[in-house]
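# Residue-level structural notes
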Amino acid sequence: RNLHVLILIQGVLTPFAAGFLLTMLPRRLSAPSPASWQIALALLVPPIHALLVWQQMIGAAHALWAIEGWMLTAFAGTRIYGSKAQRRGPVGFAWVPIAFSFGLVGSVLLSIREFSPKLLPAEIPSFAWLLLIQGMFMCLVFGIGALFLPLVTRKESSVDADQLPDASKRGRAHGLAAIGILLGFALEAQGWLSSGRALRAVLALAVLIASAEIHRPPSVPGTQRKLIWIASWCIPIGLGLAAAFPTFSQIGLHVFFLGGIGLITMCVALHVALSHSTGQDLVMKPVWQTQVFGGSIFLALACRIVAELDPAHRFDWIAAGAALFMFALLPWGQMVLPRLLPTLFQREE
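The structure presented is a predicted model; accordingly, all values stated were derived computationally and were not measured. Counting of residues starts from 1 at the beginning of each chain's written sequence and follows it residue by residue. For this predicted model, a pLDDT threshold of at least 70 governs which residues receive local features, and a threshold of 80 or more governs which side-chain atom pairs are given and counted, while totals over whole chains, interfaces and linings are taken from all residues. Heavy atoms from the whole structure form the basis of all side-chain values; hydrogens and water molecules are not counted.

### Some details on the overall build of the protein
Secondary structure elements are defined from DSSP: runs of H or I of at least 4 residues count as helices, runs of E of at least 2 residues count as strands, and each element is numbered from the N terminus. Counting its regular elements, the protein contains eleven helices and zero strands. Moving toward the C terminus, one meets the helices and strands of the protein in the order α-α-α-α-α-α-α-α-α-α-α. In this treatment the radius of gyration is a C-alpha quantity, and the globule benchmark scales as 2.2 Å times the residue count to the 0.38 power. A globule of 349 residues ought to have a C-alpha radius of gyration of about 20 Å, and the protein, at 20 Å, matches this closely. Counting only C-alpha atoms and orienting by the principal axes, one finds that the protein spans roughly 50 × 45 × 40 Å. When a residue's accessible area, from a 1.4 Å probe over protein chains only, is under 20% of the maximum for its type it is buried; when over 50% it is exposed; and in between it is partly exposed. Within the protein, the fraction of its 349 residues that count as buried is 52%. Shrake-Rupley sampling with a 1.4 Å probe provides the accessible areas, and residues are treated as covered by the protein chains on show and by no other component. For the protein, the accessible surface area stands at approximately 15,900 Å², while carbon and sulfur atoms represent 68% of it. Working convention for charge: Lys and Arg count positive, Asp and Glu count negative, and His plus the chain ends are omitted. To locate a charge, take NZ of a lysine, CZ of an arginine, CG of an aspartate or CD of a glutamate. One way to put it: in the protein the 24 positive side-chain charges average out to a point 5 Å from where the 15 negative ones average out.

See the structure below:
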């Protein structure tokens, strides 16, 4: 089912998340760096996973990715909660291991479903699919957003949990929100589509406002900062649209995926790559490449929306949207690769 989504989530977006977290968590928490085998696993799994999906070996692809999901869950959990870390991150960091555990459980259940369909109740595959495809990266945005969104959009540093008098209370609130999101997935898997999506939309908005304060617009110049802020709003808005208009749920879900998860992942990667390379001067400017990249993504989203409203030409609009998405990667790559690759080679030397 939706093989392109599996490749996008497990094969394309996961390496972005892994690369960011394997470097950010040790630095932010003064914790141990990843071992060589963890880096190797993060590098090797995505292309092999894509090959397995292409060959229709879906169960094997899920089983392989589950190994990486386990590694990322353990890496994040031991750094955030382990005794080796010298600092505590913001309370919202709790969402990072929750995110990867959602993906891990979803992938394991889907792998079991592929190999032994009769072992699981009928509704479990739908629940597992939602955990993997929606739950993992939505929760990653919650966790990373607690640190990254205030810093990037407003130059405001997050406060570590041990410096907050009500950290335990906030932690319990995040835990209840995670349970609520699981309930939303369960409702949708049982056929209560609008109820499950509406619950997740409300909780997503509440978490993003509480942890990242997305109700406050960017106050620092830079096109990618505005795109990150817009993308964070697309997550609850997309879920809300999918709940309000179930007949056209794909419109809301593409706002969630393409305008939200996809755009924020690419923009965070762009910002980090420029900030830690020779492109540091560009993060404060309205650069034309970033504007073309963002505009192309939104045009691709518009094509995908029109595809649902114009069924007679649906595949034409889908093709146009895919072409625009791939075109958006050109200015993105033109900014990132020439600056990032020399830095990598210098570090090796």
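What follows picks up the thread again.
### Section: a nonpolar patch on the surface
A cluster of nonpolar side chains, I39, L43, L44 and I48, forms an exposed patch at the surface whose accessible area comes to about 390 Å². Looking at the secondary structure, you find L43 in helix α2 (residues 36-54). Patches draw on residues past 30% relative accessible area with no salt bridge. Two like charges within 9 Å are joined, as are two nonpolar side chains (Val, Leu, Ile, Met, Phe, Trp, Tyr) within 5 Å. Whenever a carboxyl oxygen of Asp or Glu lies within 4 Å of a side-chain nitrogen of Lys or Arg, that contact is scored as a salt bridge.

### Examining the side chain of E308
Relative to the elements of secondary structure, E308 occurs in helix α10 (residues 288-309). Under the rule applied, a polar contact is a pair of N or O atoms within 3.5 Å (in protein, one hydrogen donor and one hydrogen acceptor; residues adjacent in sequence only if both atoms are side-chain atoms). Within the local environment of E308, its side chain forms a polar contact with the side chain of R304, the two groups lying 2.5 Å apart. A polar contact is formed between the side chain of E308 and the side chain of R314, at a distance of 3.3 Å.

### A closer look at the environment of L324
On the secondary structure map, L324 appears in helix α11 (residues 314-348). Expressed as a C-alpha distance, the spacing of L324 and R314, which sit ten residues apart in the sequence, is 15 Å. Residue contacts follow a heavy-atom distance rule, with two residues in contact if any of their heavy atoms lie within 4.5 Å. Setting aside chain neighbours within four positions, we find L324 in contact with S296, L299, A300 and C303.

### Focus on unusual backbone geometry
At Q56, a position not held by glycine, the phi torsion is positive, near 65°. Within the secondary structure, Q56 is located in the loop between α2 and α3 (58-81). Using a relative accessible area of 55% as the deciding quantity, one classes Q56 as exposed. Non-glycine residue K155 carries a positive phi angle of around 60°.

### Remarks on the packing of aromatic side chains
To describe a pair of aromatic rings, you give the distance between the ring centres and the angle between the ring planes. Paired rings are identified among Phe, Tyr and Trp, the last through its six-membered ring, by centres lying within 6.5 Å, and are further divided according to the angle between planes into stacked (under 30 degrees), edge-to-face (over 60) and tilted (the rest). All chains considered together, the criterion is met by five aromatic pairs. Measuring from ring centre to ring centre gives 5.7 Å for F20 and F148, while their planes differ by 90°; the resulting arrangement is edge-to-face. With F20 in helix α1 (residues 3-29) and F148 in helix α5 (residues 124-154), the pair connects residues that are 128 residues apart, well separated along the chain. Each member of the pair, F20 as well as F148, is classed as buried. Between the aromatic rings of F256 and F257, the centroid separation amounts to 5.0 Å while the plane-to-plane angle is 85°, which identifies the pairing as edge-to-face. Both residues of the pair, F256 and F257, count as buried. One residue, R314, lies across the ring of F315, its end atom 5.7 Å from the ring centre. For a lysine, the NZ atom is tested; for an arginine, the CZ atom; a charge sits over a ring if that atom is within 6 Å of the ring centre and within 35 degrees of the ring normal.

Interpretation in functional terms is not warranted from these geometric data alone.
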